[in-house]
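Fold and geometry: a report
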Amino acid sequence: MEDNSSSSSVVSGVTQASFLQKTLERLSSTQNLKLKTEEAGPVAVIALQRYLSEQTEGQQLDSYSYDVTVTDGVWRAKCFLHPSLNHLVHSNSLKTGSDIRITQCSFVYNERRLGHGYICIEQLRCAAKISAVLARVNTVSSLPMLVKQGMERSVVLQSDVPLQVSRKHYLSLWNNDDPEGDIWMSGSPSADTVLDVSKVTLLSTLDSSFKNTWKPLPLLVKIIHKSRLRYYGKFGLKIDYPYQAYFEVADQSGTMSLVLWNELCPEFYQRLNVGTVLYLQNYTLKQSYSNRSRPQMDHHRMKTFNSVEICLNPRNPASVITVVSPKSILPQWGLPDISYQFTARSELEKLANNSACDIIGLVTFVGRVERVKSKGKGPEKFWTYRWVHAVDGTSDHPFILELFSTSQAEIFSHICPMTYLVCTQMRVCHVEGSLPYLTSSCETETFITGYHKGQPYVNDPRVKSFIQWTKTLKDNVVLQKTAVGGYYRYPRPPAMFTQSMADAQVPLVAAADLKRELETLQYREHKKLAIQGQIAVVQYMETPKTPEPQGLKDKEVPSASTDVCDQTVTYPSHSSTAKQTLVESSTSHCTDSSSESRRKRRIQMRNAGRKNTDEGEEQAEEESNSAFEEVQQVGLSLEGENPHSDSNDLSWESSSWAKQQQEVSEHLCQGGLWQDSICRRFTLDEKNVLLQWSNLQPTRWTPLRIADALSPVLCPGYYHVTILGINKQIAVDAVYIPVVSSSEPQAVGLPRDQHGNTMLSCLSSGFLCPLSNTANNSEETLPSPEEILATASELEDTHVVCILDLCHLGGDKVEVMISKVYRLTEVSLD
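Overview of the structure.

Criteria and cut-off values
Residues numbered from 1 in each chain as written. Predicted model: local features only at pLDDT ≥ 70, side-chain atom pairs only at ≥ 80, totals over all residues. Heavy atoms only, no water. Helix = DSSP H or I, 4+ residues; strand = E, 2+ residues; numbered from the N terminus. Buried < 20%, exposed > 50% of the residue type's maximum accessible area, 1.4 Å probe, protein only. Contact = heavy atoms within 4.5 Å. Salt bridge = Lys/Arg side-chain N within 4 Å of Asp/Glu carboxyl O. Pairing = 2+ DSSP bridges. Phe/Tyr/Trp six-rings, centres within 6.5 Å; stacked < 30°, edge-to-face > 60°. Lys NZ or Arg CZ within 6 Å of the ring centre and 35° of its normal.

A negative phi holds for most residues other than glycine; trans holds for most peptide bonds. Note that the residue after N316, namely P317, is joined by a cis bond; omega there is -5°. Within the secondary structure, P317 sits in the loop between strand 13 (304–312) and strand 14 (320–324). The omega torsion across C769 and P770 is -5°, close enough to zero to call that bond cis. Looking at the element boundaries, P770 is found in strand 32 (residues 767–772). At S407, a residue that is not glycine, the phi angle is positive and equals roughly 65°. Among the structural elements, S407 can be located in the loop between strand 18 (399–404) and helix 6 (409–412). The class of S407 is buried, set by a relative accessible area of 5%. The backbone phi angle of Q425 is positive, close to 50°, even though this residue is not glycine. Tracing the chain through its elements places Q425 in strand 19 (residues 420–429).

A word on the environment of I400. Relative to the assigned elements, I400 resides in strand 18. Here I400 falls in the buried class, since its relative accessible area comes to 1%. Taking the C-alpha atoms as reference points, I400 and A390, separated by 10 residues in sequence, lie 7.0 Å from one another. The residues contacting I400, other than those within four sequence positions of it, are W387, V388, H389, L435, Y437, L438, Y488, Y490 and V748.

A few words now on the pattern of salt bridges. This structure, assessed with the given rule, holds 19 salt bridges. We note a salt bridge from E666 to K515, for which the minimum N-O separation is 3.0 Å. Linking E666 in strand 27 (residues 666–668) with K515 in helix 10 (residues 511–520), this pair joins segments that are 151 residues apart in sequence. Here D805 and K528 are joined by a salt bridge, their closest N and O atoms 2.9 Å apart. Here D805 is found in strand 33 (residues 800–810), whereas its partner K528 is found in strand 24 (residues 526–542), with 277 residues between them in sequence. A single network of salt bridges, built from pairs that share partners, joins R368, E370, R489, K528, D805 and E815.

On to the pairing of strand 30 (residues 730–736), then. Counting buried residues along strand 30, 7 of its 7 residues qualify, which places the element largely inside the surrounding structure. Burial along strand 30 is two-sided: the residues I730, V732, A734 and Y736 and A731, D733 and V735 are all buried. Bridging between strand 29 (residues 717–725) and strand 30 involves 6 bridges; their strand directions are antiparallel. Counted as the bridge partner of H720 is V735 from strand 30. In sequence, strand 29 turns back onto strand 30 through a hairpin of 4 residues, with K728 there showing a positive phi of about 60°.

The subject of this paragraph is the pairing of strand 20 (residues 437–440). The side-chain alternation of strand 20 yields two buried faces, one formed by Y437 and T439 and the other by L438 and S440. Relative to strand 20, strand 19 is paired through 4 bridges, and the arrangement is antiparallel. Among the inter-strand pairings, R427 is bridged to a residue of strand 20, identified as T439.

With that settled, consider the environment of S346. Its place among the elements puts S346 in the loop between strand 14 and strand 15 (356–366). Taking the C-alpha atoms as reference points, S346 and S395, separated by 49 residues in sequence, lie 5.2 Å from one another. Aside from chain neighbours lying at most four places away, what touches S346 is T394 and S395.

To continue, consider the packing of aromatic side chains. This structure, assessed with the given rule, holds 23 aromatic pairs. Both rings, one in W174 and one in Y523, keep their centres 4.8 Å apart while their planes meet at 55°; by these two values the pair is tilted. Taken together, the residues span a long stretch of sequence, with W174 in the loop between helix 3 (155–158) and helix 4 (203–209) and Y523 in the loop between helix 10 and strand 24 at a distance of 349 residues. No difference in accessibility class separates W174 from Y523, as the two residues are buried. Aromatic side chains Y385 and F404 sit 5.4 Å apart centroid to centroid with 35° between the ring planes, which places their arrangement in the tilted category. Of this pair, Y385 sits in strand 17 (residues 382–391) while F404 sits in strand 18, and the two are 19 residues apart along the sequence. Accessibility expressed as a relative area gives 6% for Y385, which makes it buried. Of the residues examined, F404 reaches a relative accessible area of 18% and is grouped as buried. Among the aromatic side chains, those forming a connected cluster through ring pairs are F365, W387, Y437, Y488 and Y490. Across the ring face of F382, the terminal group of R371 is positioned such that the distance to the ring centre comes to 4.0 Å. Above the face of the F412 ring, R386 is positioned so that its terminal group lies 5.6 Å from the ring centre.

Following this line, the structure appears as structure tokens:
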């Protein structure tokens, strides 16, 4: 290194050549650095952190900014991602655990703060999914942080805070509800101080004296409900920590709402739990905000004071919050016991719609985590949710749970089969034609095995009864009924499709709008919509099986959450006789712009009249071979061809399709069935791999140990369907997976009306008739794909409405699934 090196001094023991260090040195003599392909050494992404963008003049590219921490195996460096590359995060093409090559960067000084600057990544390429860099690193946290010379004392550069100094904290990567970063305190010891409770006031007194002149005497209260966090940050808001959290607190006189504001949330939110006793001073009162969610508390049998709420502020005045140690709580304080309203599954049908209940159950199915865009004002934000099934032994049906994030990220991400799950303040949803399900509210809290100790509900009689029931179960029997991940939708669409339903719940879109919806989906975002037209092609595809890997046991593989399961099963062409090949998501060589454009090409890029079919097949075959070789790096492979792909007996094509195909202007296509669309059997040995596979991409990379191959998929085959729009200008490909066994998660709540197993009746009902009791005997009792496709001629020129589920699976993978097909006789124009 030259004497005038701009990077910090070499740390003892660091003697390897460093791409990051060399890049920082070169940036000392140039404002912008463009690197040739051979110069751009690979670096691994080990952290990806999000925060609200600084407001700038002119057009705002994105509401959020991203800091990317990378390593070359020698140094770590926290860099700023140029906003023009944010789309790579939105699609999860840029993700932790993968390698990238930086092809253009600059060094940005903060003009308003001394000694602060950072590398800005302006262009990059996403390299192979299996990180070669991380395979050489034993402990990432032990690597030194690369800082420009003269900036070593910068607190920002050495702390878990954003590089944009106007922002003081990070947000969770995929939603705004979960605490994120080191600022969130938890587990602090409660105070053992002696409290003067002789001058405390009661909640009833606050309610009656709110409009009078009063001096705020101390309060002594117990928390009986806790809401999830609310982040209200937006451009122009001069608040460093714009958070709010509601609690319901009680004393001997009744209950009242308490609001925790701003920087008190990072300090106290995770320390304040149901059952916690608080001694409060310097609080303020204000009139209650009426337009907000409230827990249902009739079961507490206490008076509720809704006109005012207690505010705890960090200043003006600074509230004093004392968390009372449990051993210091005295019976004479008269604080109420925590009350629950546990409901058995057998009682669920009797509860009124939107009523609240608490449940406990043994988890049998956990769906993948998905996101849905919030319709509120301000910066774009997403809700994260997942579907869960849990049984309690009182009914043949499980609880069907729609669980949104409850600001308990650690618990939410570790819900898995065979765990005991408790959910509080769930709301009942009755749906015509389906079993009732429960959805979480703002006040819902969830607890799983490992988090039950010390919770007030452990002594509830319903909980004790449930525990006794679980002792009669055998693990190996229950495990056979478990599943994780894959495509899952509930409730089923109603029997009739109406225009009012299209306007309010499932928008009926033009075929041209469908293309835009596909292109603008973000990672794990789900949308449901309807399209009208006719079905032109149906092909049946068998699901390739995953053979046992060789020599992989107990091998550490970086970021296996997506690397193991990112392959497609097949990639059907639009000809019924075309050869099927196995291809993988093609994010392995993307630049800042080519990833997005390639994704759009994969969505459409199919002019029906083009003549380059042979070239396209050769390219697909090359991609297939490349992807197959990459998968083999972790010891997994899939069969490269569908054994029935050349059989005309397993496909049907409309007699007019050959001519219509020449007139179609665009053919929107998403390939075949993605592995991420298929649920898998849960095993205890594969627990961590399956959890990471079904969860969202993590903010920080951690090594994952794989013991064996992933469990087999629960899908013998599927139908690849081409839908031609009503005006015959645009076509779209979708996947239909019929339910074939009552043991499948999707079978729960299905109406069991008998039908003739025609192609159209199967698409309409969602299942084959009759459902088998086990997946093993389905081949003996169910009609074969040949028999079903033999009836497909009734689809000829038939006007239908198709309900489609769209979900972005990362990279350029977008799942398009058929949920239901309506005949015109099942459509109402009212």
